[in-house]
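Fold and contact review
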Amino acid sequence: MRRIFAQTRKELTQIVRDWRTLALALVLPVVLLLLMSTAISLTVNDLPIVVQDFDDSSASHDFIDSVRASITLHVVSWPVNKTAEEALASNVARAVMIIPVHFGRDMARGSNSPVQLLVDASDANTAKLVSGYANQIASAYNQQTAGGMEAGPVKAAIRLWYNPGLSSKKFYGPGVFVLGLSMFPPLLAALAMAKEGEQKTILQVYVSSISAHEFLLGKIIAFMAVALAECLVMSSLLFTYFGLSFAGDPTPFLIATVLYAFCVASFGTMVGVTIPNQAAALQAVALGGFLLVFLLSGLMFPIENIPAGLRWISNFIWGRYYIEIVRDALLQGGGWPAVWFKVLIVGTIGAIFYVIGWRGMRRMQVKA
């Protein structure tokens, strides 16, 4: 144990003395969390829409007022002598609503009066959202004009759980938190390990009395400390700026965080052992720690939406399981019954990384 802690102290001393490494470990994850969680949003707000009113009645004015009352759609002015197609082609609006002649008369008679909505569908996701919001506005207007009477006997009462405000920050914040832990600690570990192999200073380890287990554990514990410090800094942002809190028992999150710190530190150390070149090790960590976690872990969109030919790869992405644990701890509160298996998988993947790294060093080390 003494030699393990000596190796850990040596790695931490090198990190603290180099302010660039310290900034990479603690400052960049915070910047990543703030930028990505704020910039990424799948909700639509203040979407520009043009309304062409060919009726100019009190009923059409009331309907336009209901559109203006929406926080999703923003009515912009458009000359009456120009067509709806020109508004879409010039990017002045993403949708055009056309109210036909005799709209007010049809409403007074109680007959149907179709309102046309032209939507720019170059962005399919936004087009679907605009169509859904427009249908909701029309349904609300119909209920208001009908005196609250429903057209049919069935009425859906919708209640949103876990994130009733539909805040994108509360959904993407935990995901980017995991992405930061998946990128920077393994990157530092891989570069530190690959640098020793590239500069041949690792030869001093091979001829020393320290074993491969002791050397690797010393490295891993040092970068686990970096990962946990990073976790502490980013968690403070999640609990303050993002307005999150523990929804239930926090012990699964705490235990899984320690295991995930071991997992990512072991991954970086394994990459540095197997690839003794800093540039190549950097690319390997960028692939596993960023690209795969970003695309195949459920951070951006549900795993069920990934094409079946690639979906199976997500079963081997360690960030997938930790994202589900963090979101459960901060949003759903399922606790151990919901996440115990995922905590076990995170620890198992970390152990696999450690064994691979140990086997890579064991073959080269000289026995005393």
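Here, every reference points to the structure presented above.
If you're wondering where the values come from, they're calculated on a predicted model, not measured in any experiment.

Along its length, the chain carries 14 helices and four strands. For the chain, whose C-alpha radius of gyration is 28 Å, the value lies well above the compact-globule estimate of 21 Å for 368 residues. Along the first, second and third principal axes, the C-alpha atoms of the chain reach 100 × 45 × 40 Å. Counting the 368 residues in the chain, one finds 45% classified as buried. When contacts within the chain are restricted to residue pairs at least 6 apart in sequence, long-range pairs at least 24 apart make up 78% of them. Measuring between centres, the 27 positive side-chain charges of the chain sit 18 Å from its 22 negative side-chain charges.

With that settled, the discussion passes to the packing of aromatic side chains. Here the structure, examined in full by the defined rule, presents 17 aromatic pairs. Relative to phenylalanine 103, the ring of phenylalanine 63 has its centre 5.9 Å away and its plane inclined at 45 degrees; by these criteria the two rings are tilted. Of this pair, phenylalanine 63 sits in helix H3 (residues 58–68) while phenylalanine 103 sits in helix H5 (residues 103–109), and the two are 40 residues apart along the sequence. Using a relative accessible area of 5% as the deciding quantity, one classes phenylalanine 63 as buried. Here phenylalanine 103 falls in the buried class, since its relative accessible area comes to 2%. Ring centres of tyrosine 241 and phenylalanine 242 lie 5.1 Å apart, and the angle between their planes is 90 degrees; this geometry places the pair in the edge-to-face category. The exposure class of phenylalanine 242 is buried, given its relative accessible area of 3%. Seen from the ring of phenylalanine 242, lysine 169 lies directly overhead, with NZ or CZ sitting 5.9 Å from the centre. Directly above the ring of phenylalanine 171 sits arginine 327, whose terminal nitrogen or CZ lies 3.9 Å from the centroid.

Here we take up a nonpolar patch on the surface. Taken together, the side chains of Val27, Leu28, Val31 and Leu35 make up a nonpolar region of the molecular surface, amounting to roughly 340 Å² of accessible area. For leucine 28, the location among the structural elements is in helix H2 (residues 19–39).

Turning our eyes to something else, we now look at the sheet that holds strand E2 (residues 73–76). Read from one edge of the open sheet, four strands run E2-E1-E3-E4, paired in mixed fashion. Because the sheet does not close on itself, it has two edges, and the strands there are E2 and strand E4 (116–119). This sheet shows a mean twist of 30 degrees between the axes of neighbouring strands, independent of strand direction. Judged from the five bridges that link them, strand E1 (residues 47–53) and strand E3 (residues 95–99) form a sheet pairing that is parallel. In the strand pairing of E3, isoleucine 49 is matched with alanine 95. Lying over the sheet, H3 contacts E1, E2 and E3, oriented at roughly 160 degrees with respect to E3. Against the sheet, helix H6 (residues 124–145) engages E1, E2, E3 and E4, with an angle of about 160 degrees to E4.

The tally for this structure, following the rule as stated, stands at zero disulfides. Cysteine 231 takes part in no disulfide bond, and the closest cysteine sulfur, belonging to cysteine 263, lies 14 Å away. According to the relative accessible area criterion, cysteine 231 is buried, its value standing at 7%.

Once that is clear, we can look at helix H1 (residues 2–17). Between its first and last C-alpha atoms H1 spans 22 Å; for 16 residues at 1.5 Å apiece the expected length is 22 Å, and the two agree. What H1 keeps buried is the set Ile4, Gln7, Thr8, Glu11 and Ile15. Considered in projection along H1, the buried side chains sweep an arc of 100 degrees and stay on one side of the axis. Of the exposed residues in H1, the ones pointing more than 90 degrees away from its buried face are Arg2, Arg9, Val16 and Arg17. Considering only its buried residues, H1 is in contact with H2, helix H7 (168–198) and helix H9 (212–240).

Let us now look at the pattern of salt bridges. Taken as a whole and assessed by the stated rule, the structure comprises ten salt bridges. Ionic pairing is found between aspartate 106 and arginine 105, a salt bridge with its closest N-O pair at 4.0 Å. For lysine 219, the salt bridge goes to glutamate 196, with nearest N and O atoms at 2.7 Å. Highlighted residues: lysine 219 in helix H9 and glutamate 196 in helix H7, separated in sequence by 23 residues. A single burial state applies to lysine 219 and to glutamate 196, both of which are buried.

Let us look at the side chain of serine 266. Its location among the elements puts serine 266 in helix H10 (residues 251–274). Judged by its relative accessible area of 1%, serine 266 falls in the buried class. Of note is the side chain of serine 266, whose polar atom sits 2.7 Å from the backbone oxygen of phenylalanine 262. Among all residues touching serine 266, those that are not within four sequence positions of it are Ile220, Gly350, Phe353 and Tyr354.

Reading the values: rules and limits
Residues numbered from 1 in each chain as written. Predicted model: local features only at pLDDT ≥ 70, side-chain atom pairs only at ≥ 80, totals over all residues. Heavy atoms only, no water. Helix = DSSP H or I, 4+ residues; strand = E, 2+ residues; numbered from the N terminus. Rg over C-alpha atoms; globule rule 2.2 N^0.38 Å. Buried < 20%, exposed > 50% of the residue type's maximum accessible area, 1.4 Å probe, protein only. Contact = heavy atoms within 4.5 Å. Lys, Arg positive; Asp, Glu negative; His and termini not counted. Charge placed at Lys NZ, Arg CZ, Asp CG, Glu CD. Phe/Tyr/Trp six-rings, centres within 6.5 Å; stacked < 30°, edge-to-face > 60°. Lys NZ or Arg CZ within 6 Å of the ring centre and 35° of its normal. Patch = residues over 30% accessible without salt bridge, like charges linked within 9 Å, V, L, I, M, F, W, Y side chains within 5 Å. Areas by Shrake-Rupley, 256 points an atom, 1.4 Å probe, with all protein chains shown as cover. Salt bridge = Lys/Arg side-chain N within 4 Å of Asp/Glu carboxyl O. Pairing = 2+ DSSP bridges. Axes fitted to C-alpha atoms, helices over the stretch in contact; angles between N-to-C directions. Disulfide = S-S within 2.5 Å. Expected span 1.5 Å × (residues − 1). Arc of directions from axis to C-beta. Polar contact = N/O pair within 3.5 Å; in protein donor to acceptor, adjacent residues only side chain to side chain.

Geometric descriptors of this kind do not, in isolation, establish any biological role.
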